[in-house]
Amino acid sequence: NVCMAARTLVLQCDNPIREILSRAITEFAHAAYPEGGSECAQVARYTLLNVAADIDAAIESDAGEVTISRRLRPNVKAALDYHFDLIDAASGHGSAAQRALFAGLLKGEAVTLADLDAARAADTGDAGPKYEV
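Just so we're clear, the structure is a prediction, and the values are computed from it rather than from any experiment. (Residues numbered from 1 in each chain as written. Predicted model: local features only at pLDDT ≥ 70, side-chain atom pairs only at ≥ 80, totals over all residues. Heavy atoms only, no water.)

### Comments concerning the overall build of the protein chain
Okay, step 1: Counting secondary structure elements, the protein chain contains six helices and two strands.
Okay, step 2: Counting from the amino terminus, the protein chain carries its helices and strands in the arrangement α-β-α-α-β-α-α-α.
Okay, step 3: Per-residue burial for the protein chain yields a buried fraction of 35% across its 133 residues.
Okay, step 4: As displayed, the protein chain offers around 7,200 Å² of accessible surface, 57% of which is attributable to carbon and sulfur atoms.
Okay, step 5: Computing the positive centroid from 12 side-chain charges and the negative centroid from 19, the protein chain places the two 7 Å apart. (Helix = DSSP H or I, 4+ residues; strand = E, 2+ residues; numbered from the N terminus. Buried < 20%, exposed > 50% of the residue type's maximum accessible area, 1.4 Å probe, protein only. Areas by Shrake-Rupley, 256 points an atom, 1.4 Å probe, with all protein chains shown as cover. Lys, Arg positive; Asp, Glu negative; His and termini not counted. Charge placed at Lys NZ, Arg CZ, Asp CG, Glu CD.)

Written as structure tokens, this is what we have:
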């Protein structure tokens, strides 16, 4: 169904990328929409936490792809911005290449752990050992 396809976004990525995505969405949902907020905020929180749960389920089942509602793209982008802002503050360096990688993911581009490792190296100016987020 063509209409259905236009309303969803397929996230083509491997499990390490999904783990970052799920964690970023969960952190953002809790920070941006705390418990007891307005009804609208609670709906946003619930929706984001459900998306994170869907991503976690895809990790568990090792599904080939994860599909989310295209309407959530701005929220997921905000979650990733929040996630990388925290990392930048903690690490003292930027994450432009990693941010660009995840922006591509939200446009339907496939992203792998190897892509992320390369982006991390570009961001830190370091081709040395990998670090965990």
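### Observations concerning the nonpolar core
Okay, step 1: Formed by 34 residues in total, the largest nonpolar core has its most connected members in Leu-11, Leu-21, Ile-25, Val-76, Leu-80, Phe-102 and Leu-105.
Okay, step 2: Of all the secondary structure elements, the ones that give two or more residues to this core are strand 1 (8–11), helix 2 (15–32), helix 3 (39–61), strand 2 (66–69), helix 4 (73–91), helix 5 (96–105) and helix 6 (113–124).
Okay, step 3: For this core, the element with the highest residue contribution is helix 3, accounting for eight residues.
Okay, step 4: Apart from the residues within four sequence positions on either side, Leu-11 is in contact with Leu-21, Glu-65, Val-66, Ile-68, Leu-105 and Leu-106. (Core = buried A, V, L, I, M, F, W, Y, C linked by side-chain atoms within 4.5 Å. Contact = heavy atoms within 4.5 Å.)

### Side note on the environment of Ala-119
Okay, step 1: Residue position: Ala-119 is located in helix 6.
Okay, step 2: For Ala-119, a relative accessible area of 7% corresponds to the buried category.
Okay, step 3: Leaving out residues up to four positions away in the same chain, Ala-119 has contacts with Ala-97, Gln-98 and Leu-101.

### Notes on the pattern of salt bridges
Okay, step 1: Here the structure, examined in full by the defined rule, presents six salt bridges.
Okay, step 2: When the shortest N-O distance is used, the salt bridge between Glu-35 and Arg-45 registers 3.1 Å. You can see Glu-35 sitting in the loop between helix 2 and helix 3 and its partner Arg-45 sitting in helix 3, a full ten residues away along the chain.
Okay, step 3: Judged by relative accessible area, which is 7%, Arg-45 ranks as buried. (Salt bridge = Lys/Arg side-chain N within 4 Å of Asp/Glu carboxyl O.)

### Considerations on a negative patch on the surface
Okay, step 1: On the surface, Glu-19, Asp-54, Asp-56 and Glu-60 cluster together into a patch of negative charge.
Okay, step 2: By residue number, the principal contributor to the negative patch is helix 3, which donates three residues.
Okay, step 3: Checked against the element boundaries, Glu-60 lands in helix 3. (Patch = residues over 30% accessible without salt bridge, like charges linked within 9 Å, V, L, I, M, F, W, Y side chains within 5 Å.)

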